[in-house]
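Below are the chains, spelled out letter by letter.
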Amino acid sequence: MTSQPDTSPDSSAAEFPIDTIRPLLLEQFAALDELLSGATEDAWNTATCLPGWTVKDIAAHLIGTESMLAGVEAPRVERDVRSLPHVRNDIAAFNELWVESLRPVPGADVLERYRQIVARRTDQLDAMTQEDFGKQSNTPVGPAPYGRFMRIRVFDCWLHELDICDALGRTGTEGGPRAELGSAEVFGAVPFIVGKRGKAPEGARITIELSGPLARTVHIEVHGRATEVPALSAPATTTITMDSGLFVRLAGGRVRAQDRIDEICLGGDVEVGRRIVDNLAFTI
């Protein structure tokens, strides 16, 4: 299970300033460290909303991704991870190698492994320049600037912070600079979600109104393809209103709209609105 998006608009290196992304990524690493510090073994073994994964498994996944970025080879495990029901693609299989390898390890030792790889990655990131952030890289969304990959890392780590907090009954970082940067991956994909997954019809005008820490209004019009616009050309044909925290969890596939429908207000063409919220999940 991963939180990385499966699609997003084309991007250029200039969109990913190192002076913005690097400090927020390091801050996100520290936030996860603080969240996991002092966790009991029961807490480490608490199930999360991600199928088959505990809090410790999420930490193992984070270790694995940062290890890969540091040039560390994935471990070999005896179990056929592709046979697991929640493993549906190559990225998920790669993630599961690290998760499986660290399952027998006590939580405190997993935290120490996390700290070691974060220290190594911090040194790497500190040595990088804006030119490095502009270089093309293989990312979860295909070839893109390395800076885009690091923004995806903020998104992935931030969403997993929320996963852990939800599992442990804690309050996570629902808003603020890290959440704004991470959620850019979600909001950048809204036209795709509305048009391709939600199958909004030609001529549809959709307004998504979010309250809460990431409050905003998103307008989408469908003319051949779904496009975000600053303002609708005519009144909305469908309106969708909900809290930003719920929207992020729906987009991340953490919850299902059918289970939280009483927290979502649909207006206009309700059938289109329901189809969109039922298909918000876009992570792989």
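Rules and cut-offs
Residues numbered from 1 in each chain as written. Predicted model: local features only at pLDDT ≥ 70, side-chain atom pairs only at ≥ 80, totals over all residues. Heavy atoms only, no water. Buried < 20%, exposed > 50% of the residue type's maximum accessible area, 1.4 Å probe, protein only. Helix = DSSP H or I, 4+ residues; strand = E, 2+ residues; numbered from the N terminus. Arc of directions from axis to C-beta. Polar contact = N/O pair within 3.5 Å; in protein donor to acceptor, adjacent residues only side chain to side chain. Core = buried A, V, L, I, M, F, W, Y, C linked by side-chain atoms within 4.5 Å. Contact = heavy atoms within 4.5 Å. Pairing = 2+ DSSP bridges. 1 Å grid on protein atoms, 1.4 Å probe; cavity = no way out; pocket = protein on both sides within 12 Å on 5 of 7 lines; lining within 4 Å. Points joined across faces, edges and corners; volume = space filled by probe spheres on them. Nonpolar A, V, L, I, M, F, W, Y, C, P; charged D, E, K, R; others polar. Salt bridge = Lys/Arg side-chain N within 4 Å of Asp/Glu carboxyl O.

J.: Help me understand helix α11 (residues 270-278), please; the structure alone is not making it clear to me.
T.: The α-helix advances 3.6 residues per turn, and as a result positions three or four apart in sequence lie on the same side. Within α11 the residues assigned to the buried category are V272, G273, I276 and V277. Across the axial projection of α11, the buried residues extend over an arc of 130°, all falling on one side. N-cap assignment for α11: the residue whose side-chain oxygen lies 3.3 Å from the backbone N of E271 is D269.

J.: Explain the nonpolar core here, please?
T.: Side chains of nonpolar character tend, in soluble globular proteins, to be buried together. If you look at the biggest cluster of nonpolar residues, it comprises 39 residues, and the most contacted ones within it are Y114, F133 and M150. Those elements that place two or more of their residues in this core are α1 (18-36), α3 (55-69), α4 (90-102), α5 (107-126) and α7 (146-168). Excluding its chain neighbours within four sequence positions, the residues that come into contact with Y114 are Q28, F29, L32, D33, L62 and I63. Core analysis: the second largest hydrophobic core is formed by 35 residues, A179, A200, A226 and A251 among them.

J.: Would you mind showing me how to read the pairing of strand β1 (residues 136-139) here?
T.: Within a regular beta strand, the side chains point alternately toward one face of the sheet and then the other, so they alternate between its two faces. In β1, alternate side chains face the same way, and those of S137 and T139 are buried while those of Q136 and N138 on the opposite face are not. Summarising the sheet, β1 and strand β2 (residues 142-145) pair through 4 bridges and their orientation is antiparallel. Its bridge partner being in β2, S137 is matched across the sheet by A144. The hairpin formed by β1 and β2 contains 2 residues between the paired strands.

J.: Looking at this model, I keep getting lost on the layout of surface pockets. Mind explaining?
T.: Where empty space is left can be seen by rolling a probe of water-molecule size over the atoms. Of the voids in this model, the second largest pocket is the one considered here, and its volume is about 160 Å³. Along the walls of the second largest pocket sit L250, G253, V255, R256, A257, Q258, V277, D278, N279, L280 and A281, which together make up its complete lining. Class assignment of the residues belonging to the lining of the second largest pocket gives a composition of 6 nonpolar, 3 polar and 2 charged.

J.: Just to check I follow, could you spell out the pattern of salt bridges for this structure?
T.: Note on pairing: side chains with opposite charge can pair once their charged atoms come close. Under the criterion given, the structure shown has 21 salt bridges. With a closest N to O distance of 3.3 Å, R103 and D57 form a salt bridge. Of this pair, R103 sits in the loop between α4 and α5 while D57 sits in helix α3; the two residues are 46 residues apart in sequence, bridging distant segments of the chain. For R103, a relative accessible area of 26% puts it in the partly exposed group. A salt bridge links D166 to R249; its shortest N-O distance comes to 2.8 Å. In this pair, D166 is assigned in helix α7 and R249 in helix α10 (residues 244-251), connecting sequence segments 83 residues apart. A residue is classified by how much of its surface remains accessible, and R249, at 8% relative accessible area, is buried. In the salt-bridge network here, residues are joined through shared partners; they are D57, E96, E100 and R103.

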